Amino acid sequence: MDFHFTPEEEAFRSEVRAFLDENLPAGANANAPAFLAEWTQKVRAKRWVGFSWPKEVGGGGASIMQQVILKEEMAKRKAPPLGTCFMGLAWVGPAIIQYGTPAQKQRFIPDILDGKYQWCTGYSEPASGSDLASLQCKCVREGDEYVVNGQKIWTSIAMWSKWIILLVRTGGLDSEGQAPGGAMRPASKHEGITCLLVPMDTKGITVRPIKNMSGGSMFAEVFFDAVRVPVENRLGEEGQGWQVTVSALAHERSSIAEVEGLRRKLEELKELARKSRKNGRAALEDDGIRRRIARFEAKIEGMRFNGMRALTKQLRGEPLGTRSGWRSLAALRALVARSRNRRRHTEHPEEHHRRARARPPEGLMSTEDRVQRIESLLREKLGATDVQVVDESHKHRGHAGAAGGGGHFRVTIASPRFAGLSLVQAQRLVYEALGEMMTHEIHALTITTRG
Ligand SMILES: Cc1cc2nc3c(=O)[nH]c(=O)nc-3n(C[C@H](O)[C@H](O)[C@H](O)COP(=O)(O)OP(=O)(O)OC[C@H]3O[C@@H](n4cnc5c(N)ncnc54)[C@H](O)[C@@H]3O)c2cc1C
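This is a predicted model, so every value here is computed, not measured. (Residues numbered from 1 in each chain as written. Predicted model: local features only at pLDDT ≥ 70, side-chain atom pairs only at ≥ 80, totals over all residues.)

Engineer: Lay out the overall build of the chain with the relevant residues and their values.
Structural biologist: Helix and strand counts for the chain stand at 14 helices and 13 strands. In the chain, once contacts between residues fewer than 6 apart in sequence are set aside, the share between residues at least 24 apart is 68%. (Helix = DSSP H or I, 4+ residues; strand = E, 2+ residues; numbered from the N terminus. Contact = placed C-beta atoms within 7 Å.)

As structure tokens, then:
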């Protein structure tokens with residue numbers, strides 16, 4: 001990994017800094033609408049909105065390193081966002097650039113760059129959240145139109161959006177076990193999903209805001225009752241919706257510049273601890289507070305190096321896949337565990353050696369010990385009458401190193417405590433019972449409950 005920047009990259013960094021000095025002076029009210037409107041125009045003129053997008057569609061055609069530098073400098077100065085159409089810029093635009101027809105690119109990309117209106121995202125459904133590919137929103141083709149019937153939930157800003165990027169099922173089995181439109185049963189639930197771009201004012205769409213605990217509403221339920229969508233609004237091929245979605249979301253996972261924002265917050269936290277008093281002296285001199293700040297610092301450094309690893313892959317033109325998402329989180333977890341160990345060693349050598357004697361060298365249990373410990377905790381804390389734990393790390397390539405030799409377990413459990421509980425409530429009890437192990441020893445659980 002090369003940590004140095006080329007002279008051209010350094011020159012670009014200076015250009016961004018000069019722009020910020022001029023347009024975001026200290027004390028500017030960056031939240032004022034007039035300031036934001038002017039800011040948006042200026043960054044758009046620089047082509048820094050959609051900076052990574054190809055020049056042909058109106059983007060900046062920037063290199064990966066230029067994007068990183070721009071985002072880093074913006075985050076350091078707490079600059080307002082680059083563009084106002086959040087979901088359009090984050091995943092709708094990249095998906096249209098990759099899978100859209102020339103007409104779709106022409107129709108949507110300039111408006112997304114100019115922030116003319118908002119997009120919302122219709123993926124989650126009442127029975128399809130984490131397991132998104134099980135979605136059931138039904139869609140049948142009738143001539144040049146699709147007819148959509150079903151429901152979405154947790155749709156952020158649906159109330160203010162003009163368009164929705166929608167995942168529907170055009171093939172595969174629906175909730176009655178039927179294939180919509182008589183399509184052939186596909187080999188996997190990831191097939192038979194199609195992506196549509198739908199105007200929110202289409203007849204048959206009803207938006208019902210969900211009130212949160214503070215009385216406000218950011219999410220909504222969205223109902224589709226015989227909603228007719230022209231076939232030309234399909235993004236990608238019929239049945240290609242899963243690929244369209246996964247590759248668009250992958251764009252979101254690859255950035256490391258957010259680390260700069262976290263670093264800045266950490267500096268603010270240190271400053272606060274320097275100014276605050278605890279037990280008659282500066283809070284920053286308190287051992288407990290120092291340890292917590294050190295822990296944050298280690299985590300942020302872990303994220304930075306992990307982000308650099310992903311960046312190196314990007315620069316080499318290697319596919320990021322899902323590594324920069326969940327897998328890097330697992331790697332970060334192990335990294336933090338290791339750096340904590342190192343700090344313990346430096347700060348409290350006796351304590352470190354006492355712990356080291358009680359545990360394997362990396363501070364992590366062996367897989368066999370973990371399986372046994374999970375079983376005994378579930379019997380002890382939940383009175384489980386039957387519990388089987390199987391290590392499935394081999395099915396999830398890449399976890400082995402990340403969580404220190406394993407970490408993905410399938411748990412099948414029966415307990416009288418589950419009587420009358422929903423699956424999610426029972427799963428929550430399992431997580432609580434394993435609480436002490438969830439930090440390092442378990443990367444992920446697949447839980448099946450019985451009676
Ligand atoms: C701030 C915010 C904004 C969002 N905006 C949008 C949006 O604009 N559009 C949209 O489509 N969605 C949106 N979502 C929804 C989100 O992306 C997820 O789909 C949703 O939160 C997860 O689904 P669920 O709530 O049904 O939970 P579930 O899938 O029911 O999961 C509940 C719990 O059970 C666990 N769990 C689930 N299955 C298993 C299993 N097999 N084994 C062990 N544990 C399991 C989960 O980890 C979780 O802790 C948003 C969510 C949030 C928090």
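Now, onward.
Engineer: Explain unusual backbone geometry residue by residue, including any values.
Structural biologist: Phi is positive for R47, which is not a glycine, with a value near 65°. Here R47 lies in the loop between α2 (33–45) and α3 (64–76). With a phi angle near 45°, I157 is a residue other than glycine that sits in the positive phi range. Position of I157 relative to the elements: it lies in the loop between β3 (145–152) and β4 (161–169).

Engineer: How would you explain the site of the ligand if you had to name every residue and give the values?
Structural biologist: Near the ligand there are 15 residues, and of these Y123, S124, G129, S130 and S156 occur at the shortest range. Of all the secondary structure elements, the ones that give two or more residues to the shell around the ligand are β1 (118–122), α13 (423–433) and β13 (444–450). A breakdown of the residues in the shell around the ligand according to their chemical character gives six nonpolar, nine polar and no charged. Among the domains, domain 2 (117–251) and domain 4 (367–450) are the pair contributing at least three residues each to the shell around the ligand. (Near = placed C-beta within 6 Å. Nonpolar A, V, L, I, M, F, W, Y, C, P; charged D, E, K, R; others polar. Domains from an automatic or database assignment.)

Engineer: Account for the nonpolar core, naming residues and giving values.
Structural biologist: With 56 residues, the main nonpolar core has V148, L196 and V198 as its most contacted residues. When we break this core down by domain, the ones giving at least three residues each are domain 1 (7–84) and domain 2 (117–251). In this structure, V148 is in contact with C137, C139, V168, F224, V227 and V229, ignoring residues within four places of it in sequence. Core analysis: the second largest hydrophobic core is formed by twelve residues, L378, A384, F418 and L434 among them. (Core = buried A, V, L, I, M, F, W, Y, C linked by C-beta atoms within 7 Å. Buried ≥ 20, exposed ≤ 12 C-beta atoms within 10 Å, placed from the backbone.)

Engineer: Outline the environment of E301, supporting the account with residue identities and numerical values.
Structural biologist: Assignment of secondary structure puts E301 in helix α8 (residues 287–315). For the pair E301 and R263, spaced 38 residues apart in sequence, the C-alpha separation works out to 9.0 Å.

Engineer: Could you give an account of helix α4 (residues 86–99), naming the residues involved and the relevant values?
Structural biologist: An ideal rise of 1.5 Å per residue puts 20 Å on 14 residues; α4 measures up with 19 Å between its terminal C-alpha atoms. Along α4, the residues classified as buried are G88, L89, W91, V92, G93, P94, A95, I96 and I97. (Expected span 1.5 Å × (residues − 1).)

Engineer: Quick rundown of the sheet that holds strand β12 (residues 408–414)? Include the residues and the values.
Structural biologist: In spatial order, the strands read β11-β12-β13; together these three strands make up an open sheet with mixed pairing. Every interior strand has two partners, whereas the edge strands, β11 (386–391) and β13, have only one. The average undirected angle you get between the axes of adjacent strands in this sheet is 15°. As defined by bridge partners, β11 adjoins β12 across six bridges and the pair is classed as antiparallel. Residue V390 lies in a different strand from β12, and its bridge partner there is R410. Contacting β11 and β12, helix α11 (residues 367–382) runs over the sheet at an angle of about 160° to β11. The strands touched by α13 within the sheet are β12 and β13, with β13 carrying the most contacts at an inclination of about 120°. (Pairing = 2+ DSSP bridges. Axes fitted to C-alpha atoms, helices over the stretch in contact; angles between N-to-C directions.)

Engineer: If you had to explain the pairing of β12 to someone new, which residues and values would you point to?
Structural biologist: In this structure, β12 lies alongside β13, joined through seven bridges in parallel fashion. Bridge pairing links H408 to A444 in β13.

Engineer: Describe the environment of E145, listing the residues and the values that go with them.
Structural biologist: Within the secondary structure layout, E145 lies in strand β3. A count of 15 C-beta atoms within 10 Å places E145 in the partly exposed class. Leaving out residues up to four positions away in the same chain, E145 has contacts with R228, V229, P230 and V231.

Engineer: So, the packing of α11 against α13: which residues are in play, and what are the values?
Structural biologist: α13 packs onto α11 with a crossing angle of 110° between their chain directions and a minimal axis gap of 9 Å. Taken together, the axis directions place α11 and α13 in an arrangement best described as roughly perpendicular. When you trace α11 past α13, the crossing you get is right-handed. In this structure, α11 contributes L377, L378, K381 and L382 to the contact, and α13 contributes L429, V430 and A433. (Parallel < 35°, antiparallel > 145°, perpendicular 65-115°, else oblique. Left-handed = near helix turned anticlockwise from the far one by under 90°.)

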